[in-house]
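Single-letter residue listing:
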Amino acid sequence: MALPNFAYFEGQIVPYAEAKVSVLTHALNYGTAAFGGLRGYWNAEEEQLYLFRPLDHFKRLLNSAKMLCMEFDHTPQSLTEITIDLLRKENHRQDVYIRPLVYKADEGIGVKLHGVRDAISIVSLPFDRYVSNDTNAHVTFSSWRRVDDNVIPARGKITGAYANSAFIKTDAVRAGFDEALVLNQDGHLSEGSAENIFMLRNGVLITPPITDNVLEGITRRSVMELAAQELGLPVVERSIDRTEVFICDELFMTGTAAQVTAITRVDYRNVGDGKMGTVTAQLREIFDQTVRGKNPNFKDWNTPVYA
Ligand code: PMP
């Protein structure tokens, strides 16, 4: 993977090689950081790079920071402006991924959230697909459970909690699957290792509510709106039982990295007829048009990088 040329680090844009932290950094030792993940999409006809919903992403990042007792003067607007400066400096002319990180920066011993210096960094790098099988993924139910809101909140993108996602992903991939579905402590479906989940049953699009230990995904929210407004589909948030996904008509995952990834098999059972469904295919197409600034109904989701 190509590394960035620049980073926003300690209040300024510096060469990437200078953006370094020490081995005693609090966040590295205790998982006391939170991250974001946004994409910029290249529109070749317009020669423009469009950031997808940056204000929503940075609002969620600042909410995660708040949970970790961090205080910043930044706003979603100021972080978006810094990101635009960084992307212009990199002069990207392809799809990119942007990784902001808020972290406990002090060096020293002591597990706590208060009284530790907070810092923020942002980097960007060229990025393409995340799930290679994005039209016919085969997933399994993980034997791991999702972190609970009373353990480490899944609605904050807290780095320490991603050890849970890493257990889930590695065991699934080593067992030969593309991804895993994860149950929460009460046995309902929460999400994938780094994706929200949707199923289509009897013409209704269903996704777990934000109180079922899921990340409040920006792609999740976007797909819910696109499905309702562009396809006229009823969209319902409710808990999902494990066996419902065996008998549903279509199943897909959403995420900034995964975009809209079709799931066609779950633990060796075909979803529907075992091929990507028509609603999933339509949503993939609409989503791609929308993120690249080609959907006039949702232009306010696109922030241009170049003047
Ligand atoms: N769930 C988890 C656990 C994630 O890490 C992600 C990726 N950020 C998502 C869902 C999808 O969220 P979003 O659409 O905002 O990228």
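Report follows, based on the coordinates. Every chain's residues receive numbers from 1 upward, in the order its sequence appears when written. In keeping with the model being predicted, local features are shown solely for residues with a pLDDT of at least 70 and side-chain atom pairs are shown and tallied solely at 80 or more, while totals for entire chains, interfaces and linings include all residues. Only heavy atoms go into the side-chain values, all of them from the structure, while hydrogens and water stay out.

### Topic: the overall build of the protein
Keep this limit in mind: Here a helix means four or more residues in a row that DSSP labels H or I, a strand means two or more in a row labelled E, and each is numbered from the N terminus. Every radius of gyration here is taken over C-alpha atoms, with the globule rule written as 2.2 Å times N^0.38, N being the number of residues. Under the scheme applied here, a residue whose accessible area is under 20% of the maximum for its type counts as buried, over 50% as exposed, and between as partly exposed, the area being computed with a 1.4 Å probe on protein chains only. For this analysis, residues touch if any pair of their heavy atoms sits within 4.5 Å.
Helix and strand content of the protein: seven helices and 17 strands. Taken over C-alpha atoms, the radius of gyration comes to 19 Å for the protein, in line with the 19 Å a tight globule of 307 residues would show. When its C-alpha atoms are laid out on the principal axes, the protein stretches across 50 × 50 × 30 Å. Across the 307 residues of the protein, 53% fall into the buried class. Counting only contacts in the protein whose residues sit at least 6 apart along the sequence, the fraction spanning at least 24 positions is 70%.

### Structural notes on the pairing of strand E8 (residues 137–145)
Heads up, the condition is: Two strands qualify as a pair provided that DSSP identifies no fewer than 2 bridges between them.
Examined bridge by bridge, E8 and strand E15 (residues 259–266) share three bridges and lie parallel to one another. Counted as the bridge partner of Ala137 is Ile263 from E15. Of the pairings in the sheet, the one linking E8 to strand E9 (residues 179–183) comprises four bridges and is parallel in character. Each bridged residue has a counterpart across the sheet, and for Val139 the counterpart in E9 is Glu179.

### Quick notes on the environment of Thr83
Mapped onto the secondary structure, Thr83 falls in helix H3 (residues 76–90). The sequence separation of Thr83 and Asn136 amounts to 53 residues, and the corresponding C-alpha distance is 34 Å.

### Considerations on the pattern of salt bridges
This is how it is decided: Any Lys or Arg side-chain nitrogen found within 4 Å of a carboxyl oxygen on Asp or Glu counts as a salt bridge.
The full count for this structure, using the stated rule, is 17 salt bridges. A salt bridge links Glu179 to Lys169, with the nearest nitrogen and oxygen atoms 3.2 Å apart. One end of the pair, Glu179, is in strand E9; the other, Lys169, is in helix H4 (residues 162–174), with 10 residues separating them in the sequence. Using a relative accessible area of 21% as the deciding quantity, one classes Lys169 as partly exposed. A salt bridge links Arg292 to Asp288; the shortest N-O distance between them is 3.3 Å.

### Notes on the packing of helix H2 (residues 54–67) against H3
Stated formally: Axis definition: a line fit to C-alpha positions, over the contact stretch in the case of helices; interaxial angles, taken between N-to-C directions, run 0 to 180 degrees. Handedness of a crossing follows from how the near helix is turned relative to the far one, being left-handed for an anticlockwise turn of less than a right angle and right-handed for a clockwise one. Under the scheme applied, nonpolar residues are Ala, Val, Leu, Ile, Met, Phe, Trp, Tyr, Cys and Pro; charged residues are Asp, Glu, Lys and Arg; polar residues are all the others, including Gly.
At their nearest, the axes of H2 and H3 sit 8 Å apart, and the two run at 120° to each other. Both H2 and H3 take part in a crossing whose hand is right-handed. On H3, the residues that touch Pro54, Leu55, Phe58, Lys59 and Leu62 of H2 are Pro76, Gln77, Leu79, Thr80 and Thr83. Considering only residue class, the contact of H2 with H3 consists of six nonpolar, three polar and one charged.

### A look at unusual backbone geometry
A positive phi angle, near 55°, is found at Cys69, a position not held by glycine. Note that Cys69 resides in the loop between H2 and H3. Look at Cys69 and you get partly exposed, because its relative accessible area is 44%. The backbone phi angle of Asn202 is positive, close to 50°, even though this residue is not glycine.

Everything listed is a geometric property; what it means functionally is a separate question.
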